Amino acid sequence: MPDKKTIEKARKDKREGKSASTQAGEFVHAEIDKVRQGEHGARSTKQAIAIGLSEARRAGVDLPPPKKGDVKESTRKSAKYAYEAGQGERKPKRRPKVAKAVSKVLEGEPKSTASRKALSRQAESAASGRTAAERSAAARKAAQTKGAAGRSAAARKAARTRAERGQPQPQDG
């Protein structure tokens, strides 16, 4: 069950007009933190992300389940169930024995799946499945939704990073 702070952050994102995937990102963040702190583990980085997305759907984030053929049918079915539960279309059945069994299994899984290296590898593999145009469009949209102050701060940070790495500064013009 996600904590109140996570739900509040997601609601704030919604009020600010951010996308459903951004709102769901708050839950994924919380899940990664849980794994890092050793509350439980995950078989893979993908699993940790999937748990976060499922919690987001159950909490009412308007994140529809993936389309047919994108993921395993069982994953799609699970996502559909979580989505319907979050939208109030179905009453979730309480299954304490199953919940306890799942928790017990997750406790035994590795915690290294939420390391910086593992997350970086996952992000890279996810990006490699997208075209250059899709990646570029996502970056453009991110820059647009940042706002003037956010863009300015990001530019300063980028300049600082380039200076630290000894890379040349881009020329305006």
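Below, the structure is looked at part by part. Every chain's residues receive numbers from 1 upward, in the order its sequence appears when written. Totals for whole chains, interfaces and linings use every residue, but because this is a predicted model, local features are given only for residues with pLDDT of at least 70 and side-chain atom pairs only at 80 or more, for both listing and counting. Side-chain metrics in this entry use all non-hydrogen atoms of the structure; hydrogen atoms and water are not considered.

Some words on the overall build of the protein
A run of DSSP states H or I qualifies as a helix once it reaches four residues; a run of E qualifies as a strand once it reaches two. Both are numbered from the N-terminal end. The secondary structure content of the protein amounts to 8 helices and 0 strands. Along the protein, from the amino end to the carboxyl end, the secondary structure elements read α-α-α-α-α-α-α-α. In terms of overall dimensions, the protein has a C-alpha envelope of 65 × 35 × 35 Å along the principal axes. Partly exposed residues are those whose accessible area sits between 20% and 50% of the maximum for their type, while under 20% is buried and over 50% is exposed, using a 1.4 Å probe and protein chains only. Taking all 173 residues of the protein together, 23% fall into the buried category. Accessible surface computed for the protein: about 12,900 Å², of which carbon and sulfur atoms make up 52%. Surface accessibility follows the Shrake-Rupley procedure with a 1.4 Å probe radius. Residue values consider only the protein chains on display as shielding.

Here's the deal with helix α3 (residues 45-58)
An expected span of 1.5 Å times one less than the residue number is assigned to each helix. Here α3 is 14 residues long and its end C-alpha atoms lie 20 Å apart, about the 20 Å a rise of 1.5 Å per residue gives. What α3 keeps buried is the set Thr45, Ala48, Gly52, Glu55, Ala56 and Arg57. Note on contacts: a residue pair qualifies if any of its non-hydrogen atoms lie within 4.5 Å across the two residues. For α3, the elements touching its buried residues are α2 (20-36), α4 (73-86) and α6 (116-128). Downstream of α3 by a residue or two, Gly60 has a phi angle that is positive, lying close to 100 degrees.

Topic: the pattern of salt bridges
Salt bridges are defined as contacts in which a side-chain nitrogen from Lys or Arg sits within 4 Å of a carboxyl oxygen from Asp or Glu. All chains considered together, the criterion is met by 10 salt bridges. Between Glu16 and Lys12 there is a salt bridge whose closest N-O contact spans 3.0 Å. Since its relative accessible area comes to 44%, Lys12 is described here as partly exposed. Among the ionic pairs, Glu84 bridges to Arg90, the shortest N-O distance being 2.9 Å. For Arg90, a relative accessible area of 36% gives the class partly exposed. In this structure, a network of salt bridges that share partners links the residues Lys12, Asp13, Glu16 and Lys18.

A look at the nonpolar core
Side chains of nonpolar character tend, in soluble globular proteins, to be buried together. Nonpolar cores are built from buried Ala, Val, Leu, Ile, Met, Phe, Trp, Tyr and Cys residues. Side-chain atoms within 4.5 Å join them into one set. Ile7, Ala10, Ala20, Ala24, Phe27, Ala56, Val61 and Leu63 form the largest nonpolar core, which has 8 residues in total. For this core, the secondary-structure elements that each account for two or more residues are α1 (4-15) and α2. For this core, the leading source of residues is α2, giving 3 residues. Leave out the neighbours within four places in its chain, and Val61 touches Ala20, Gln23, Ala24, Phe27, Ala56, Tyr83 and Gln87. Counting residues in each nonpolar core, the second largest holds 6 residues, with Val28, Ala42, Ala48 and Ala114 among its members.

With respect to the side chain of Arg57
Relative to the assigned elements, Arg57 resides in helix α3. Look at Arg57: it is buried, it has no salt bridge, and the nearest opposite charge is Asp62 at 8.7 Å. A polar contact of 2.9 Å, which involves the side chain of Arg57, links it to the backbone oxygen of Leu63. Under the rule applied, a polar contact is a pair of N or O atoms within 3.5 Å (in protein, one hydrogen donor and one hydrogen acceptor; residues adjacent in sequence only if both atoms are side-chain atoms). A polar contact of 3.3 Å, which involves the side chain of Arg57, links it to the backbone oxygen of Pro64. If we ignore the near neighbours within four places in the chain, the residues touching Arg57 are Leu63, Pro64, Pro65, Pro66, Ala79, Ala82, Tyr83 and Gly86. Only four residue types enter the tally: Lys and Arg on the positive side, Asp and Glu on the negative side; His and the chain ends are excluded.

Any functional reading would require information beyond the geometric quantities listed.
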